[in-house]
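For reference, the chains in residue letters:
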Amino acid sequence: MQLRYNYRAYPDASQRRALASAFGCARVVWNDCLRDRKEAHAAGLPYVKSAELSRLRITQAKRTAGRAWLADVSAVVLQQSLRDLDTAYKNFFDSVKGKRQGRKAGPPRYKSKKDTRQSIRLNTNAFCLQGDGTVYVAKVGNLKVTWSRRLPAAPTSLTITKDSCGRYFLSFVVDTEPDTLPGVEAECGIDLGLSAFAVLSDGSKIVSPRFLRRAEKKLKRLQRELSRKAKGSKNRAKARIKVARQHAKVADRRRDWHHKASTQIIRDNQAVYVEDLAVSGLGRTRLAKSVHDAGWSAFIGMLEYKAALHGRVFAKVDRAFPSSQVCSACGFRDGPKPLHVREWTCGECGTVHDRDHNAARNVLFEGRRKVAAGRVETLNASWSAGKTRTKVPAQRGEAGSPRKGQPTQTGIPGL
């Protein structure tokens with residue numbers, strides 16, 4: 001399976017200039033090729049092939065006076081930018097045809113030097129790991145890297161990223177074998193919320209740290225200072241970096257906490273079941289700031305890939321399942337309840353339920369039922385089908401939502 005390892009890099013002044021040139025050249029190739037394809041589409045001409053774009057916008061463009069500076073960077077950077085454009089078009093076409101699950105993907109857009117994220121992608125021909133701990137990048141030099149952990153295998157590709165607050169990161173994609181953990185008997189259902197970040201089916205609660213709310217006072221002050229600066233001035237650029245740095249701290253703290261919480265849950269349970277929440281819809285309500293502060297989608301994505309990595313079972317329960325309306329003791333459906341009702345008594349058996357704990361237990365029961373129903377196909381499937389189910393792409397975000405009514409199952413259900 002493929003995993004992605006991120007490390008902080010510290011280029012010097014000359015290397016930062018070389019990276020800025022590489023970011024700009026990759027952006028220009030992307031925009032030139034995208035413009036050619038859009039103009040061809042508007043004129044009713046056939047789709048422009050990648051080989052033709054590579055010849056026109058990379059090989060021949062280097063010989064012209066207006067694009068001669070494309071030769072100052074590695075050719076791998078330019079070719080990978082064109083390949084990324086092809087991938088973006090493929091995702092768009094597959095989404096239009098219905099071959100791609102999840103949210104509809106839009107057509108590729110032009111890139112700008114004012115984007116919050118600048119990146120280039122390299123293959124093994126343009127970088128290598130040095131014995132002194134640095135990473136050599138073609139036409140950039142040896143980059144100093146902080147190795148927070150060792151790479152489990154030789155990387156197959158490298159992405160160099162500069163974020164909005166000026167930090168540089170190296171992201172390696174590594175092909176590695178699953179690290180299966182010893183089997184345990186425990187299973188858990190998880191009910192995600194805002195008052196408590198998560199309530200497990202065994203009754204334990206994970207308190208929401210609310211990193212954005214805690215940093216809101218300082219963010220407001222920095223945002224006021226930014227609004228007072230004259231547009232286009234150097235002081236405004238400095239104030240913008242301060243705001244971006246504070247937002248990056250909030251995101252880093254949330255991501256670190258998500259990793260620790262998800263790892264603990266995966267280690268303690270053989271099977272994990274969660275509810276497939278409509279996060280994008282909740283993000284447009286009055287609870288938007290709290291929903292985005294919780295980061296449910298990132299947390300569920302971590303649970304999913306860690307379950308596949310460590311040989312655990314992971315499944316999503318359909319969002320239409322009435323987890324808060326059904327009594328987990330007798331199965332009686334007591335009807336919908338407003339959010340301010342945190343405890344309720346079952347009208348059939350008289351059991352007093354905590355709303356979140358009861359929902360987590362129902363998610364556990366429904367997840368078990370769905371996995372058991374899918375095990376018949378798993379046992380009768382071919383040898384290759386069982387292997388393809390365990391592969392997880394090296395992505396930072398969630399890999400897309402499943403079709404309605406179908407659970408997302410990874411790991412080894414037989415354990």
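Every chain is numbered independently, its residues counted from 1 as its sequence is written. Given that this is a predicted model, residues contribute local features only at a pLDDT of at least 70 and side-chain atom pairs are listed and counted only at 80 or more, while totals for whole chains, interfaces and linings are drawn from all residues. To get the side-chain values, all heavy atoms of the structure are used, and hydrogens and water are removed first.

What follows deals with the packing of aromatic side chains. When two rings of Phe, Tyr or Trp (its six-membered ring) have centres within 6.5 Å they constitute a pair, described as stacked for plane angles under 30 degrees, edge-to-face for angles over 60, and tilted for the intermediate range. Enumeration over the complete set of coordinates arrives at ten aromatic pairs. Ring centres of Y47 and F93 lie 5.9 Å apart, and the angle between their planes is 70°; on these two criteria the pair is classed as edge-to-face. Here Y47, found in the loop between α1 (13-42) and α2 (50-59), pairs with F93, found in helix α3 (residues 75-97); they are 46 residues apart in sequence, far enough to count as distant. Burial classification: accessible surface area is computed with a 1.4 Å probe over protein chains only, and a residue below 20% of its type maximum counts as buried, one above 50% as exposed, and the rest as partly exposed. Looking at Y47, the relative accessible area reads 37%, which means it is partly exposed. In this structure F93 comes out as partly exposed when scored by relative accessible area, which is 33%. Taken together, a centroid distance of 4.9 Å and an interplanar angle of 80° make the contact between F197 and W257 edge-to-face. Of this pair, F197 sits in the loop between β9 (187-192) and β10 (198-200) while W257 sits in helix α6 (residues 234-268), and the two are 60 residues apart along the sequence. In this description a helix means any DSSP run of H or I spanning at least four residues, a strand means any run of E spanning at least two, and both kinds are numbered starting from the N terminus.

Burial within strand β13 (residues 313-317) is extensive, with five of its five residues counted as buried. A strand pair is defined by DSSP finding two or more bridges across the two strands. Where strand β12 (residues 271-275) lies against β13, five bridges are found, and the strand directions are parallel. When the bridges of β13 are listed, V274 appears paired with K316.

What follows covers the nonpolar core. Think of a nonpolar core as a cluster: buried Ala, Val, Leu, Ile, Met, Phe, Trp, Tyr and Cys residues, connected wherever their side-chain atoms sit within 4.5 Å. Counting 47 residues, the largest nonpolar core has L158, I160, L170 and F172 as the members making the most contacts within it. In this analysis, two residues are considered to be in contact whenever any of their non-hydrogen atoms come within 4.5 Å of each other. Each residue touching F172, except ones within four places of it in the same chain, is listed here: L3, R4, Y5, Y7, F127, L129, V135, W147, L151, P155, S157 and L158. One finds C188, I190, L212 and L303 within the second-largest nonpolar core, a separate group that totals 27 residues.

Any helix carries an expected span of 1.5 Å times its number of residues minus one. For helix α9 (residues 296-309), with 14 residues, the first-to-last C-alpha span of 20 Å sits near the 20 Å given by 1.5 Å per residue. For α9, the buried fraction is high: eleven of the 14 residues fall into the buried class. Within the sequence span of α9, burial applies to W296, F299, I300, G301, M302, L303, E304, K306, A307, A308 and L309. Residue G311 follows α9 closely and has a positive phi angle near 75°.

The next point concerns the packing of α1 against α3. Orientation is described by axes fitted as lines to C-alpha atoms, over the contacting stretch for helices, and by angles from 0 to 180 degrees between their N-to-C directions. Relative to each other, α1 and α3 sit at 45°, their axes nearing to 9 Å. With respect to each other, α1 and α3 are oriented oblique. By crossing handedness, the relation of α1 to α3 is classed as right-handed. On α3, the residues touching A22, C25, A26, V29, W30, C33, L34, R37 and K38 of α1 are V77, L78, S81, L82, D84, L85, D86, A88 and Y89. Across the contact of α1 with α3, the residue classes break down as 13 nonpolar, one polar and four charged. Between 65 and 115 degrees an angle is taken as roughly perpendicular, under 35 as roughly parallel, over 145 as roughly antiparallel, and anywhere else as oblique. Crossings are classed by handedness, with left-handed meaning an anticlockwise turn of the near helix from the far one by less than a right angle and right-handed meaning a clockwise turn. Note on residue categories: nonpolar means Ala, Val, Leu, Ile, Met, Phe, Trp, Tyr, Cys or Pro, charged means Asp, Glu, Lys or Arg, and polar means any other residue, Gly included.

On to a positive patch on the surface, then. Excluding any residue in a salt bridge, patches collect residues exceeding 30% relative accessible area, merging like charges within 9 Å and nonpolar Val, Leu, Ile, Met, Phe, Trp and Tyr side chains within 5 Å. Method for areas: the Shrake-Rupley scheme with a 1.4 Å probe, in which residue coverage is limited to the protein chains shown. Here, a salt bridge means any side-chain nitrogen of Lys or Arg that lies within 4 Å of a carboxyl oxygen of Asp or Glu. The charge count treats Lys and Arg as positive and Asp and Glu as negative. His and the chain ends do not count. The atom standing in for a charge is NZ when the residue is Lys, CZ when it is Arg, CG when it is Asp and CD when it is Glu. On the surface, a cluster of positive charge is contributed by R214, K218, K234, K238, K242, R245, K249 and R253. In terms of residues, the positive patch owes the most to one element, α6, which gives six residues. Among the structural elements, R245 can be located in helix α6.

That is the geometry; function is a separate question.
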